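# Reading the structure
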Amino acid sequence: MSGFSSDWLALREPVDHRSRNQGLQDKVIDYLSQIKTVYPDLLCFTDLGSGTGSNLRALAPHLHSDQHWTLVDYDAGLLHTARDAILAWGDSEIISSIVVPAINSSAPIKPLSILKQNQKIVVEFKCVDLLNDYQAILNEPADLITSAAFFDLVAESWLIKFCAALSKPLYTVLTYDGIEKWSPPEEIDEDVLKAFHQHQRTDKGFGSALGPAAAEQLQSLLRAHLFTTISVSSPWILDRQDGDLIEQLAIGTARAAREMNVIPSIAVNRWEQSRQQASHCEIGHIDLFAYKV
């Protein structure tokens, strides 16, 4: 999978957290409160493409239960960063004499047990290539499979196999949907966006990525496998308080557009310089919850 730096993930995390659709998250939390869990009095999650653990930090505080999270990522460096970040985020680490046992302690990165708002959270870290090993991960005990900003990176062929293998509920947030609005508007915006979408569909480690088509395709496939799905919008709404993120978005978008070589570089450079100072930007995303009745 194409890598993302921990600095970029840290920069986007506050915006990711505030952009999640709260109504859908409440539905997921209500669902979890009513199911019979894999292990009594413990909620178990498997987070795909977990990066530095942002998804855990967003959801875990809203769950009034002890939890076990398995963070799965291809990048071992991000998983090590995740461990440090979660330890710093927790209220305290559970000392070894009263440690909550991990479900599978064979992972090379030492599992972590913390207290957060008086709830015990055990976290395991698995460095896995999901291109080939998704089936083994899906077979592990879990009450919910989660992900954030992940499915737009995968290929259609992989997604077809993934959805066929999925038997557990899925809650995925912030899948890019291709909608972008920059203010003030510029004539070249549409051309740059088209070039960026071309780049989004290049290989990100799974084959030609679905990019902006991912959310719709994911929902269609899951419905075909008799999942009930709820899909809602969760856009980034950025203004001057998010200047650092806007700047990095402009730089990254321009870099991707230049790589496609369909717009003169001088025009992309002008767009990049202008957009780094944009007063407002909206980046469309979709949150989705899928479960079987």
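Scroll up to find the structure.
Scope of this entry: the structure provided in the associated data block. (Residues numbered from 1 in each chain as written. Predicted model: local features only at pLDDT ≥ 70, side-chain atom pairs only at ≥ 80, totals over all residues. Heavy atoms only, no water.)

## Topic: the overall build of the protein
In plain terms, the rule: Only runs of H or I of at least four residues qualify as helices and only runs of E of at least two qualify as strands under DSSP, and these elements are numbered from the N terminus. Taken over C-alpha atoms, the radius of gyration is set against a globule rule of 2.2 Å times the number of residues to the power 0.38. The protein chains shown are the only cover counted for residues, whose accessible areas, like all others here, come from Shrake-Rupley with a 1.4 Å probe. Counted charges follow a simple rule, with Lys and Arg positive, Asp and Glu negative, and His plus the chain ends left uncounted. In plain terms, the charge of a residue is placed at NZ if it is Lys, CZ if Arg, CG if Asp and CD if Glu.
Per the secondary structure count, the protein includes 10 helices and 10 strands. Its C-alpha radius of gyration of 19 Å places the protein within 12% of the 19 Å reference for a compact globule of 293 residues. Referenced to the eigenvectors of the C-alpha coordinate spread, the extents of the protein come out at roughly 60 × 40 × 35 Å. A total of about 13300 Å² of accessible surface is found on the protein, and carbon and sulfur atoms cover 50% of it. Charge separation in the protein, taken as the distance between the mean sites of 24 positive and 37 negative side-chain charges, equals 3 Å.

## A short note on the environment of Ile 246
Which entries qualify depends on this criterion: Here's how the labels work: a residue is buried when its accessible area is under 20% of the maximum for its type, exposed when over 50%, partly exposed in between, all with a 1.4 Å probe on protein chains only.
Its place among the elements puts Ile 246 in helix α9 (residues 243-260). A relative accessible area of 1% means that Ile 246 is categorised as buried. For the pair Ile 246 and Thr 146, spaced 100 residues apart in sequence, the C-alpha to C-alpha distance is 27 Å.

## Things to note about the packing of aromatic side chains
Basically, it comes down to this: Centres within 6.5 Å make a pair out of two Phe, Tyr or Trp rings, where for Trp the six-membered ring is used; the pair is then stacked when the planes are under 30 degrees apart, edge-to-face when over 60, and tilted otherwise.
According to the stated counting rule, one finds 15 aromatic pairs in the structure shown. An angle of 75° between the planes, with centres 5.0 Å apart, marks the rings of Phe 150 and Phe 151 as edge-to-face. Looking at Phe 150, the relative accessible area reads 1%, which means it is buried. With relative accessibility at 0%, the residue Phe 151 sits in the buried group.

## Looking at the nonpolar core
Defined as follows: Nonpolar cores are built from buried Ala, Val, Leu, Ile, Met, Phe, Trp, Tyr and Cys residues. Side-chain atoms within 4.5 Å join them into one set. Note on definitions: a residue-residue contact is assigned when non-hydrogen atoms from the two residues lie within 4.5 Å.
If you look at the biggest cluster of nonpolar residues, it comprises 55 residues, and the most contacted ones within it are Trp 69, Leu 71, Ile 86, Val 123, Phe 125, Trp 236 and Leu 249. For this core, the element with the most residues is α9, which contributes 7 residues. Setting aside its immediate chain neighbours within four residues, Leu 71 contacts Asp 47, Ser 50, Gly 53, Leu 56, Leu 79, Ala 82, Ile 86, Val 123, Glu 124, Phe 125 and Lys 126. Counting residues in each nonpolar core, the second largest holds 28 residues, with Val 128, Ile 137, Phe 150 and Ala 214 among its members.

## Some details on α9
Selection criterion: A helix is expected to reach a length of 1.5 Å times the quantity of its residues less one.
In this model α9 runs 26 Å from its N-terminal to its C-terminal C-alpha over 18 residues, within 8% of the 26 Å that 1.5 Å per residue would give. Of the positions making up α9, those classed as buried are Leu 245, Ile 246, Leu 249, Ala 250, Ile 251, Thr 253, Ala 254, Ala 256 and Ala 257. The secondary structure elements touched by the buried residues of α9 are α1 (6-19), β7 (170-183), α7 (189-200), β9 (236-239), α10 (265-275) and β10 (280-291). In the segment just after α9, Asn 261 is the residue with positive phi, at about 55°.

## Section: the packing of α1 against α9
Condition: Only the stretch in contact is used when a helix axis is fitted, and all axes are lines through C-alpha atoms; the angle between N-to-C directions ranges over 0 to 180 degrees. Any angle that is under 35 degrees is reported as roughly parallel, and any over 145 degrees as roughly antiparallel; angles of 65 to 115 degrees are reported as roughly perpendicular and all others as oblique. Note on convention: the crossing is left-handed when the near helix lies turned anticlockwise from the far helix by less than a right angle, right-handed when the turn is clockwise. As a working rule, the residues Ala, Val, Leu, Ile, Met, Phe, Trp, Tyr, Cys and Pro are called nonpolar, Asp, Glu, Lys and Arg charged, and the rest polar, with Gly in that last group.
At a minimum axis distance of 10 Å, the contact between α1 and α9 shows a crossing angle of 125°. Classified by the angle between their axes, α1 and α9 sit oblique to one another. At the point where α1 passes α9, the crossing takes the left-handed sense. Residue-level contacts link Trp 8, Leu 11, Arg 12 and Val 15 of α1 to Asp 244, Leu 245, Gln 248 and Leu 249 of α9. Taken together, the residues that form the contact of α1 with α9 break down as 5 nonpolar, 1 polar and 2 charged.

## A word on the pattern of salt bridges
Keep this limit in mind: Salt bridges are defined as contacts in which a side-chain nitrogen from Lys or Arg sits within 4 Å of a carboxyl oxygen from Asp or Glu.
Tallied over the full model, the rule gives 9 salt bridges. Its salt-bridge partner being Glu 13, residue Arg 57 comes within 2.8 Å of it at the nearest N-O pair. Of the two residues, Arg 57 sits in helix α3 (residues 54-59) while Glu 13 sits in helix α1, which places them 44 residues apart along the sequence. The same class applies to Arg 57 and to Glu 13, which are both buried. The salt bridge involving Asp 91 is made with Lys 116; its shortest N-O contact spans 3.9 Å.

## Notes on the packing of α9 against α10
Look at α9 against α10: their axes get within 8 Å of each other, and the N-to-C directions meet at 170°. By the angle class used here, α9 and α10 are roughly antiparallel. Packed against α9, whose contacting residues are Ile 246, Ala 250, Ile 251, Thr 253, Ala 254, Ala 257 and Arg 258, the element α10 presents Ser 265, Val 268, Asn 269, Trp 271, Glu 272 and Arg 275 at the interface. Broken down by class, the residue content of the contact of α9 with α10 amounts to 7 nonpolar, 3 polar and 3 charged.

## A short note on the side chain of Ser 54
The condition that has to hold: For the purposes of these results, a polar contact is taken to be a pair of N or O atoms within 3.5 Å, where, inside protein, one atom must be able to donate a hydrogen and its partner to accept one; residues adjacent in sequence count only when each atom of the pair is a side-chain atom.
Along the polypeptide, Ser 54 turns up in helix α3. Accessibility expressed as a relative area gives 16% for Ser 54, which makes it buried. Here the side chain of Ser 54 touches His 17 through a polar contact of 2.9 Å, side chain to side chain. The contacts of Ser 54, once residues within four sequence positions are left out, are Glu 13 and His 17.

## As for the environment of Asn 269
If you trace the backbone, Asn 269 turns up in helix α10. Classification of Asn 269 as partly exposed rests on a relative accessible area of 30%. Sequence separation between Asn 269 and Ala 254 is 15 residues, and the spatial gap between their C-alpha atoms is 7.2 Å.

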